[in-house]
Amino acid sequence: MATRTQPVDAASTSRVDKPCCVPAAGGSRAAQPENFASGCADRSEIVWIGASDSTVGTDSPLLAIDGEGPARKVRLRPYGIDRCAVSNQRFAAFVADTGYVTEAEKFGWSFVFKGFVQPALVHTLPAAPEAPWWIRIEGAYWKHPEGKGSHIEDRETHPAVHVSWADARAFASWAGGRLPNEAEWENAARGRSGGVYPWGDREPDDSAFFPCNIWQGRFPDINDAADGYAGTAPVDSFAPNDFGLYNMVGNTWEWCEDPFRVRSLTRAAKIRNQVARSQQQRLMKGGSHLCHTSYCHRYRIAARLGCPPDSATGHLGFRLAYDARPDSAQP
Ligand SMILES: [Cu+2]
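Note that the coordinates shown come from a computational prediction; the quantities given were computed from them, not determined experimentally. (Residues numbered from 1 in each chain as written. Predicted model: local features only at pLDDT ≥ 70, side-chain atom pairs only at ≥ 80, totals over all residues. Heavy atoms only, no water.)

J.: Go over the overall build of the protein chain, please, and point to the residues and values.
T.: Along the backbone of the protein chain there are six helices and 14 strands. Residues counted as buried form 57% of the 331 residues belonging to the protein chain. (Helix = DSSP H or I, 4+ residues; strand = E, 2+ residues; numbered from the N terminus. Buried < 20%, exposed > 50% of the residue type's maximum accessible area, 1.4 Å probe, protein only.)

J.: An account of the sheet that holds strand β5 (residues 109-113) is needed here, citing residue identities and associated values.
T.: The strand order across the open sheet formed by three strands is β5-β7-β6, and the pairing between neighbours is antiparallel. With one partner strand each, in any of the chains shown, β5 and β6 (127-128) form the two edges of the open sheet. Here two bridges tie β6 to strand β7 (residues 131-138), and the two strands are oriented antiparallel to one another. Each bridged residue has a counterpart across the sheet, and for Ala-128 the counterpart in β7 is Ala-131. (Pairing = 2+ DSSP bridges.)

J.: Summarise the confidence of the model for the protein chain; cite the residues concerned and give the values.
T.: Looking at the protein chain as a whole, its pLDDT mean stands at 88, while 85% of the residues score no less than 70. The low-confidence segment residues 8-18, where pLDDT is below 50, has 45 contacts with residues more than four positions distant or belonging to other chains. This model gives residues 21-37 a pLDDT under 50, and the stretch forms 64 contacts once residues within four places in sequence are excluded. (pLDDT = per-residue confidence, 0-100. Contact = heavy atoms within 4.5 Å.)

J.: How would you sum up helix α6 (residues 267-278)? Please name residues and give values.
T.: Residues three or four positions apart in an α-helix share a direction because the helix packs 3.6 residues into each turn. Taking 1.5 Å as the rise per residue, α6 with 12 residues should run 16 Å; its terminal C-alpha atoms sit 17 Å apart, in good agreement. Those residues of α6 not exposed but buried are Ala-269, Arg-272, Asn-273 and Ala-276. Looking straight down α6, one finds that the buried residues subtend no more than 100° of arc, so they occupy a single side. Facing away from the buried surface of α6 by more than 90 degrees, the exposed residues are Arg-267, Gln-274 and Ser-278. Lining the buried residues of α6 we find β12 (305-307). A positive phi of about 55° marks Gln-280, the residue just after α6. (Expected span 1.5 Å × (residues − 1). Arc of directions from axis to C-beta.)

J.: How would you explain the pattern of salt bridges if you had to name every residue and give the values?
T.: Under the counting rule described, the total for this entry stands at 18 salt bridges. As a salt-bridge pair, Arg-300 and Glu-68 come within 2.7 Å of each other at their nearest N and O atoms. Here Glu-68 lies in the loop between β2 (52-56) and β3 (72-76) and Arg-300 lies in the loop between β11 (282-285) and β12, a separation of 232 residues in the sequence. Side by side, Arg-300 and Glu-68 carry an identical accessibility label, which is buried. A salt bridge links Asp-323 to Arg-178; the shortest N-O distance between them is 2.9 Å. Here Arg-178 lies in the loop between α4 (165-175) and α5 (182-190) and Asp-323 lies in strand β14 (residues 321-323), a separation of 145 residues in the sequence. The exposed category is assigned to Asp-323, whose relative accessible area is 58%. The class of Arg-178 is partly exposed, set by a relative accessible area of 23%. One salt-bridge network, held together by shared partners, links Glu-182, Glu-186, Arg-190, Lys-285 and Arg-304. (Salt bridge = Lys/Arg side-chain N within 4 Å of Asp/Glu carboxyl O.)

J.: Could you give an account of unusual backbone geometry, naming the residues involved and the relevant values?
T.: The omega angle of the peptide bond from Gly-69 to Pro-70 is -5°, so this bond is cis rather than trans. Mapped onto the elements, Pro-70 comes out in the loop between β2 and β3. The omega angle of the peptide bond from Phe-219 to Pro-220 is 0°, so this bond is cis rather than trans. For Pro-220, the location among the structural elements is in the loop between β8 (217-218) and β9 (222-223). Located in the positive-phi region is His-162, a residue other than glycine, with phi close to 60°. Mapped onto the secondary structure, His-162 falls in the loop between β7 and α4. Classification of His-162 as buried rests on a relative accessible area of 0%.

J.: Kindly report on the nonpolar core, identifying the contributing residues and their values.
T.: By size, the foremost hydrophobic cluster in this structure holds 46 residues, and its most contacted members are Phe-113 and Trp-134. One finds Val-95, Ala-104, Phe-171 and Leu-320 within the second-largest nonpolar core, a separate group that totals 25 residues. (Core = buried A, V, L, I, M, F, W, Y, C linked by side-chain atoms within 4.5 Å.)

Below, the structure written as structure tokens:
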């Protein structure tokens, strides 16, 4: 198999040279504040969304180089989308049923955020040159997210991570779904309210407003985990949006079906697209627990990044979309 060299986001350029962001200390999560909503009764439940004229992208891009704009009108057919990202529990059922081996297992390693690697080891292990907080860890894959010795026993309801685009599609084939396209993903994330974020336009802050699982503190060295989580959170943590969807932004990036391309004629965009084409990059949306307003700010709905399809990290997961059945209920 080809050599995997690019961690998620490391290929991005922009604030650009600020790829994407991770947490502090050994995969542990801080105590969750009590006022956070939680509770997707069935974490594999599907929300059905009716046909609509929708918008993808924004005319007020923050990171134009990522291709956040312009806003485009799209007509969407009815579709379904998972209420929650695919959890370790669901992914384990898939693996148990099929014997599937992920790409991270075949490569024998994956990228782990340095905050989850033993401090004494961080400087002795290879890191991604463009994003040195991503450490190459032997034996890291979905079941052992920080490598040998780590486990997911207390993270069954957390999103499955270290999953490549092909892994996500294999799961989709098994589950009878597919990856969403960008227009569907954005439509689902905006819900009825249509804000910058799934909850509206209010910007999260580091001390009082925690509507999702992102970074608080100074990236990439100090994560206060004020939102309750240094790393991933359960897929049904925090309040859902008004379509009933959980964690459309923050927690983990989510793979989409689309190739990653930037709609712009600038020289920078052309170079970006050349790289994207040569690496067969695929789109990911939603940002992760490593994103902070001072750094990459990619937990906005219009934000986007591309990654080679064999990329895998501890902050990249997915949820499924489905072609609508005629009898699907509409929200
Ligand atoms: Cu980020």
